[in-house]
Amino acid sequence: MDFAEWLEQRLKDRKWKPADLASAGSIDSGLLSRILNRSRTAGPDTALAIARGLGERPEIVFRAAGILPPSPPQVADEDELLSIVRELPARTREIVLTMLRALVAPSHYVEATNSEPQTELERELLAEFRELPAEWQEAAIDEVKHLADLRIKIIGEDENEIQTSEESEAA
Amino acid sequence: MKSRRARRARQLNAETRFLFYVRRLPESSQRKFLTYIQYNTGVKPRRVFYIVDPTGGKRRL
């Protein structure tokens, strides 16, 4: 199910028109219509506004829009964990949640919203990215997304292949 | 003024998405992707890069 289909289903459940969502989330109605027509995708800001309008948690909308990776698979202990958490007093729940958040660093929330480079390598990558024309930037995002999704490694060329390509260029 | 702001917002959005996916790559792959992008902007001469998927398959980037 793509994002437009997911969004249409949410509107149908609420018996809403796109204009109702545009007004509830303060979203530009033209932008919303382009997202529903699949002529453009929703970025983090728009996804956040859609979450606000629908009253859904932002991570649900971010996952549907493909900004965040899909939810990790269920684990065997999660029912027990949930029942324990539900019985804890609010203050203790808050402490447990803080500890759990610290354990799963880096947080996707921070990653999804922080556009400031954190390392020298990120600074260099961002500087090169800014040099690209707008249409190439989208292609670069698609490529890096593809690499990140498949968790694949990039390797340089083999020495033999360098020679072969140089020879063929010289010829 | 409004369109300049919209352009800036679009650019920021693109940069955020780019960094989001870059941060999910191992550092060695980030470094190679930098060289790959520098080749495309004309900073570095041409090099051929391959990607290796978890099953060991190797193909050209």
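Bear in mind that the values here come from a model prediction, so they are computed numbers and not experimental data. (Residues numbered from 1 in each chain as written. Chains lettered and ligands numbered in written order. Predicted model: local features only at pLDDT ≥ 70, side-chain atom pairs only at ≥ 80, totals over all residues. Heavy atoms only, no water.)

**Q** Which parts of the structure should I look at to understand the overall build of chain B?
**A** Assigned secondary structure in chain B consists of two helices and two strands. Along chain B, helices (α) and strands (β) appear in the sequence α-α-β-β when read from the amino end. Of the roughly 3,700 Å² of accessible surface on chain B, a fraction of 51% belongs to carbon and sulfur atoms. (Helix = DSSP H or I, 4+ residues; strand = E, 2+ residues; numbered from the N terminus. Areas by Shrake-Rupley, 256 points an atom, 1.4 Å probe, with all protein chains shown as cover.)

**Q** Is there a simple way to explain the packing of aromatic side chains in this structure?
**A** The geometry of an aromatic ring pair comes down to the distance between the two centres and the angle between the two planes. Considering all chains together, one arrives at five aromatic pairs over all chains under this definition. Ring centres of Phe129 of chain A and Phe18 of chain B lie 4.2 Å apart, and the angle between their planes is 15 degrees; this geometry places the pair in the stacked category. A residue pair is termed interchain when its members come from two chains, as with Phe129 of chain A in helix H9 (residues 120–131) and Phe18 of chain B in helix H1 (residues 2–22). Look at Phe33 of chain B and Tyr36 of chain B: their rings are 5.7 Å apart centre to centre, the planes differ by 45 degrees, and that puts the pair in the tilted class. (Phe/Tyr/Trp six-rings, centres within 6.5 Å; stacked < 30°, edge-to-face > 60°.)

**Q** Before we go on, may I ask you to explain the pattern of salt bridges in this structure?
**A** Side-chain pairs of opposite charge can arise where the charged atoms are in close proximity. Under the counting rule described, the total for this entry stands at ten salt bridges over all chains. Across the pair Arg23 of chain B and Glu122 of chain A runs a salt bridge, and its minimum N-O distance is 3.1 Å. Remark: Glu122 of chain A occurs in helix H9 and Arg23 of chain B occurs in the loop between H1 and helix H2 (27–41); the pair is interchain, linking two chains. What makes Arg23 of chain B buried here is its relative accessible area of 16%. Since its relative accessible area comes to 5%, Glu122 of chain A is described here as buried. Of the charged contacts, one joins Arg130 of chain A and Glu15 of chain B as a salt bridge, the two residues approaching to 2.8 Å between their closest N and O atoms. Taken together, the residues Arg130 of chain A in helix H9 and Glu15 of chain B in helix H1 connect one chain to another. Residue classification places Arg130 of chain A among the partly exposed residues on the basis of a relative accessible area of 45%. For Glu15 of chain B, a relative accessible area of 2% puts it in the buried group. Where salt bridges share partners, they join Arg10, Arg14 and Glu56 of chain A into one cluster. (Salt bridge = Lys/Arg side-chain N within 4 Å of Asp/Glu carboxyl O. Buried < 20%, exposed > 50% of the residue type's maximum accessible area, 1.4 Å probe, protein only.)

**Q** In this structure, what is going on with unusual backbone geometry? I would like to understand it.
**A** Phi is mostly negative for residues that are not glycine, and the peptide bonds are mostly trans. All names here are of chain A. A positive phi angle is found at Ser26, which is not glycine, with a value near 50 degrees. Tracing the chain through its elements places Ser26 in the loop between helix H2 (18–24) and helix H3 (29–36). A positive phi angle is found at Arg38, which is not glycine, with a value near 65 degrees. Within the secondary structure layout, Arg38 lies in the loop between H3 and helix H4 (44–54). Judged by its relative accessible area of 46%, Arg38 falls in the partly exposed class.

**Q** Looking at this structure, I do not really get the confidence of the model for chain B. What am I missing?
**A** On average, residues of chain B carry a pLDDT of 76, and 64% of them reach 70 or more. ipTM for the predicted complex: 0.73, alongside a pTM of 0.41. (pLDDT = per-residue confidence, 0-100.)

**Q** I'm lost on the nonpolar core in this one. Help?
**A** Across soluble globular proteins, nonpolar side chains show a tendency to be buried alongside one another. Formed by 42 residues in total, the largest nonpolar core has its most connected members in Leu7 and Ile50 of chain A together with Phe18 of chain B. Sort the elements by how many residues they give to this core and H1 of chain B lands first, with six residues. Residues contacting Ile50 of chain A, with those up to four places away along its chain left out, are Phe3, Leu7, Leu21, Ile27, Leu32 and Val61 of chain A. (Core = buried A, V, L, I, M, F, W, Y, C linked by side-chain atoms within 4.5 Å. Contact = heavy atoms within 4.5 Å.)

**Q** So what exactly am I meant to see when it comes to the confidence of the model for chain A here?
**A** The predicted coordinates ought not to be read in detail in places where the model reports low pLDDT. Residues and elements named next belong to chain A. Per-residue confidence for chain A gives a mean pLDDT of 78; residues scoring 70 or more make up 78%. Put simply, helix H11 (residues 159–170) is where chain A has its lowest mean pLDDT, 45, and helix H1 (residues 3–14) is where it has its highest, 91. Predicted confidence is poor over residues 106–112, with pLDDT under 50, and the contacts of this stretch with residues over four places away or in other chains come to 13 contacts.

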